[in-house]
Amino acid sequence: MLEVEEPSAPSTDPFGNVRVGTTATTKIKRDEFGILWNAALEAGGVLVGNDVKITIDVSLIKQK
């Protein structure tokens, strides 16, 4: 499930386009997708964590 922030207030870019933006985030577990590779570190622990955070930044332009 994506958690979506409230869209920003409309603003005008330097080219005269009206834009709004928002961000959506979610987290997945890579082992649920069959990605099991990892490597042990000398100091202990593993190289890659199982949780993967996904962030999507969106900028929308109003059509004229």
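Please refer to the structure higher up on the page.
Scoring rules and cut-offs
- Residues numbered from 1 in each chain as written.
- Predicted model: local features only at pLDDT ≥ 70, side-chain atom pairs only at ≥ 80, totals over all residues.
- Heavy atoms only, no water.
- Helix = DSSP H or I, 4+ residues; strand = E, 2+ residues; numbered from the N terminus.
- Polar contact = N/O pair within 3.5 Å; in protein donor to acceptor, adjacent residues only side chain to side chain.
- Patch = residues over 30% accessible without salt bridge, like charges linked within 9 Å, V, L, I, M, F, W, Y side chains within 5 Å.
- Areas by Shrake-Rupley, 256 points an atom, 1.4 Å probe, with all protein chains shown as cover.
- Salt bridge = Lys/Arg side-chain N within 4 Å of Asp/Glu carboxyl O.
- Buried < 20%, exposed > 50% of the residue type's maximum accessible area, 1.4 Å probe, protein only.

(A) Quick peek at the side chain of Asp 13. Position of Asp 13 relative to the elements: it lies in the loop between strand E2 (11-12) and strand E3 (18-29). A distance of 2.7 Å separates the side chain of Asp 13 from the side chain of Arg 19, its partner in a polar contact.

(B) Focus on a nonpolar patch on the surface. Among the surface-exposed residues, Leu 2, Val 4, Ile 54, Ile 56, Val 58 and Leu 60 lie close enough to one another that they form a single nonpolar patch of about 470 Å² accessible area. At four residues, strand E4 (residues 51-61) tops the list of elements feeding residues into the nonpolar patch. Along the chain, Leu 2 turns up in the segment before strand E1 (3-4).

(C) Representation of the pattern of salt bridges in the model. One pass over the full model with this rule turns up two salt bridges. With a closest N to O distance of 2.7 Å, Asp 13 and Arg 19 form a salt bridge. Taking relative accessible area as the criterion, Asp 13 reaches 13% and is therefore assigned buried. Residue Arg 19 is classed as partly exposed on the basis of its relative accessible area of 28%. For Asp 51, the salt bridge goes to Lys 29, with nearest N and O atoms at 2.7 Å. In this pair, Asp 51 sits in strand E4 while Lys 29 sits in strand E3, placing the two residues 22 residues apart along the sequence.

(D) Structural context of the side chain of Thr 23. Inspection of the secondary structure puts Thr 23 in strand E3. Here Thr 23 falls in the buried class, since its relative accessible area comes to 18%. There is a polar contact of 2.9 Å between the side chain of Thr 23 and the side chain of Asp 57.

Everything listed is a geometric property; what it means functionally is a separate question.
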